[in-house]
Amino acid sequence: MNIKVTELADQKLRTALGEQDGHYKLFYDTGEGCGCDGIPVLLIVDRQGEHDHVIDTNSLPILIDVQQEIYFEKQMSLDAEVNFTAFKLRSDSMLYSNNVKIRDMRGQEVAESIPAHSCELRR
């Protein structure tokens, strides 16, 4: 799996990470309240989980749980807009979302699979 990160998206990812240690994790949330098909979100977590591996990027490393890979294509891109806080995740064949949010989960116990109510974490 590979994600091409635009220059603006890279800058915004680095800004959101700040000076604290942390790792980005791509997560496809299918929990209650997340919409019919689910939504992608970028979590900032303290550590790499047991079932996580690193997605190839031209930017900061992004983790993904191996069971979550089925929701995404092998080649994707992550983009941003100057005056918008969310990101756009797309592939050649589809737009996953133009509203991918970052949720900082550092300092919280994050299970290997995020609980069904994780949409509540993004509000």
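Because the structure is a prediction, the values reported are computed rather than measured. (Residues numbered from 1 in each chain as written. Predicted model: local features only at pLDDT ≥ 70, side-chain atom pairs only at ≥ 80, totals over all residues. Heavy atoms only, no water.)

**Some words on the packing of aromatic side chains**
- The final tally for this structure, using the stated rule, is 3 aromatic pairs.
- Measuring from ring centre to ring centre gives 4.6 Å for tyrosine 28 and tyrosine 71, while their planes differ by 20°; the resulting arrangement is stacked. Separated by 43 residues along the polypeptide, tyrosine 28 in strand S2 (residues 23-29) and tyrosine 71 in the loop between strand S5 (62-65) and strand S6 (75-80) bring together distant segments of the chain.
- Pairing phenylalanine 72 with tyrosine 96 gives two aromatic rings, centres 5.5 Å apart and planes at 40°, and the pair type is tilted. (Phe/Tyr/Trp six-rings, centres within 6.5 Å; stacked < 30°, edge-to-face > 60°. Helix = DSSP H or I, 4+ residues; strand = E, 2+ residues; numbered from the N terminus.)

**Side note on the side chain of arginine 106**
- Relative to the helices and strands, arginine 106 resides in the segment after strand S9 (102-104).
- Given a relative accessible area of 13%, arginine 106 falls into the buried group.
- A distance of 3.3 Å separates the side chain of arginine 106 from the backbone oxygen of glutamine 20, its partner in a polar contact.
- Excluding its chain neighbours within four sequence positions, the residues that come into contact with arginine 106 are Ala16, Leu17, Gln20, Asp21, Gly22, Ile44, Val45 and Asp46. (Buried < 20%, exposed > 50% of the residue type's maximum accessible area, 1.4 Å probe, protein only. Polar contact = N/O pair within 3.5 Å; in protein donor to acceptor, adjacent residues only side chain to side chain. Contact = heavy atoms within 4.5 Å.)

**Details of the sheet that holds S2**
- Here we have 9 strands laid out as an open sheet, ordered S8-S7-S6-S1-S4-S5-S2-S3-S9, and mixed in their pairing. Both outer strands of the open sheet, strand S8 (95-100) and S9, are each paired with one neighbouring strand and no more. Sheet twist, expressed as the average angle between the axes of neighbouring strands with direction ignored, equals 30°.
- Bridge count between strand S3 (residues 39-45) and S9: 3 bridges; the pairing is parallel. For leucine 43, the partnering residue across the bridge sits in S9 and is arginine 103. (Pairing = 2+ DSSP bridges. Axes fitted to C-alpha atoms, helices over the stretch in contact; angles between N-to-C directions.)

**Section: the nonpolar core**
- By size, the foremost hydrophobic cluster in this structure holds 23 residues, and its most contacted members are Leu13, Tyr24, Leu26, Leu42 and Phe87.
- Elements supplying a minimum of two residues to this core: strand S1 (2-5), helix H1 (7-17), S2, S3, S5, S6, strand S7 (87-90) and S8.
- Here leucine 26 is in contact with Ile3, Pro40, Val41, Leu42, Ile55, Ile62, Leu63, Ile64, Phe72, Met76 and Leu89, once residues within four sequence places are set aside.
- In terms of nonpolar packing, the next biggest core, distinct from the first, is built from 6 residues, Phe27, Val41, Leu63 and Met105 among them. (Core = buried A, V, L, I, M, F, W, Y, C linked by side-chain atoms within 4.5 Å.)

**A closer look at H1**
- Taken residue by residue, H1 has Ala9, Asp10, Leu13 and Leu17 as its buried positions. For H1, the angular spread of buried residues about the axis comes to 100°, placing them on one side. The outward face of H1, more than 90 degrees from its buried face, is lined by the exposed residues Glu7 and Thr15.
- In this structure, the buried side of H1 is in contact with S1, S2, S3, S6, S7 and S9.
- Once H1 ends, the next one or two residues include glycine 18, with phi positive near 65°. (Arc of directions from axis to C-beta.)

**Digging into the pairing of S7**
- Pairing of S6 with S7, which is carried by 4 bridges, proceeds in the antiparallel orientation. Looking at the pairing, serine 77 lines up with arginine 90 of S7.
- The hairpin formed by S6 and S7 contains 6 residues between the paired strands.
- Direction of pairing for S7 relative to S8: antiparallel, over a ladder of 3 bridges. Its bridge partner lying in S8, leucine 89 is registered against serine 97.
- Linkage of S7 to S8, two consecutive antiparallel strands, is achieved through a turn of 4 residues.

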